[in-house]
Amino acid sequence: MQVIRHQDRDSAGLVGLGARVLLLAPQANEALFRRIAGLGGRVDLEVELYSALDALINDPADWDLFVMDCDAFGGLDAGRRAFAMLGLAAERVPMILASAECQTQVFPEDRRAPILLRAPATATSLRVAMEHALHNRLNFRF
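Residues numbered from 1 in each chain as written. Predicted model: local features only at pLDDT ≥ 70, side-chain atom pairs only at ≥ 80, totals over all residues. Heavy atoms only, no water.

Caption draft 1: Looking closely at the confidence of the model for the protein chain. For the protein chain, the mean per-residue pLDDT works out to 85, and 87% of the residues sit at or above 70. In this model, residues 1–11 is a region of pLDDT below 50 whose contacts with residues beyond four sequence positions or in other chains number one contact. (pLDDT = per-residue confidence, 0-100. Contact = heavy atoms within 4.5 Å.)

Caption draft 2: Structural view of the layout of surface pockets. A volume near 260 Å³ is recorded for the largest pocket. Elements with a contribution of two residues or more to the lining of the largest pocket: α4 (89–92) and α5 (123–133). Among the elements that line the lining of the largest pocket, the one with the most residues is α4, at three residues. Residues that form the lining of the largest pocket fall into these classes: 10 nonpolar, two polar and six charged. (1 Å grid on protein atoms, 1.4 Å probe; cavity = no way out; pocket = protein on both sides within 12 Å on 5 of 7 lines; lining within 4 Å. Points joined across faces, edges and corners; volume = space filled by probe spheres on them. Helix = DSSP H or I, 4+ residues; strand = E, 2+ residues; numbered from the N terminus. Nonpolar A, V, L, I, M, F, W, Y, C, P; charged D, E, K, R; others polar.)

Caption draft 3: Local environment of the environment of Glu46. Its place among the elements puts Glu46 in strand β2 (residues 42–46). On the basis of relative accessibility, which here comes to 23%, the residue Glu46 falls in the partly exposed class. A C-alpha to C-alpha distance of 8.4 Å links Glu46 and Gln27, two positions 19 residues apart in sequence. Discounting chain neighbours no more than four positions away, the residues touching Glu46 are Leu22, Leu23, Leu24, Ala25, Ser51 and Ala52. At 3.4 Å, the side chain of Glu46 and the backbone nitrogen of Glu48 are in polar contact. (Buried < 20%, exposed > 50% of the residue type's maximum accessible area, 1.4 Å probe, protein only. Polar contact = N/O pair within 3.5 Å; in protein donor to acceptor, adjacent residues only side chain to side chain.)

Caption draft 4: Here's a closer look at the pairing of strand β3 (residues 65–69). Counting buried positions along β3 yields five of five residues, so the element is predominantly enclosed. Covered by surrounding structure in β3 are Leu65, Val67 and Asp69 together with Phe66 and Met68, the residues of both alternating faces. Pairing of strand β1 (residues 20–24) with β3, which is carried by four bridges, proceeds in the parallel orientation. Considered in β3, the bridge of Leu22 is made with Phe66. (Pairing = 2+ DSSP bridges.)

Shown next as structure tokens:
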């Protein structure tokens, strides 16, 4: 008996295929931008905290995911404050907070809570976080 296992290698890494991602990070964090784009996300970079929050609050339907490099804006506490400021928009848009202060990565059961990643986010941790955040999103490929 011969068993052949077919794997679609071309799309295996694209967990965020077509997802609109708002990335709040300094211009210098090019690695995080490339990793998200490499996982299929369409990334819009914002370098100013309040501009990013304004975009999310005004039209949360425009975004599938919000990723914040917390260290550039005051650390993990600043990320948590930003999450609190989002209010109801945080319930509609999953959020990933990446910080060097994070000792334990957190993938919460409650969809209204942010995902916490240790920074710098590796390709593997970012992939798991995006899968966790976007698992309810329907992805049609024809």
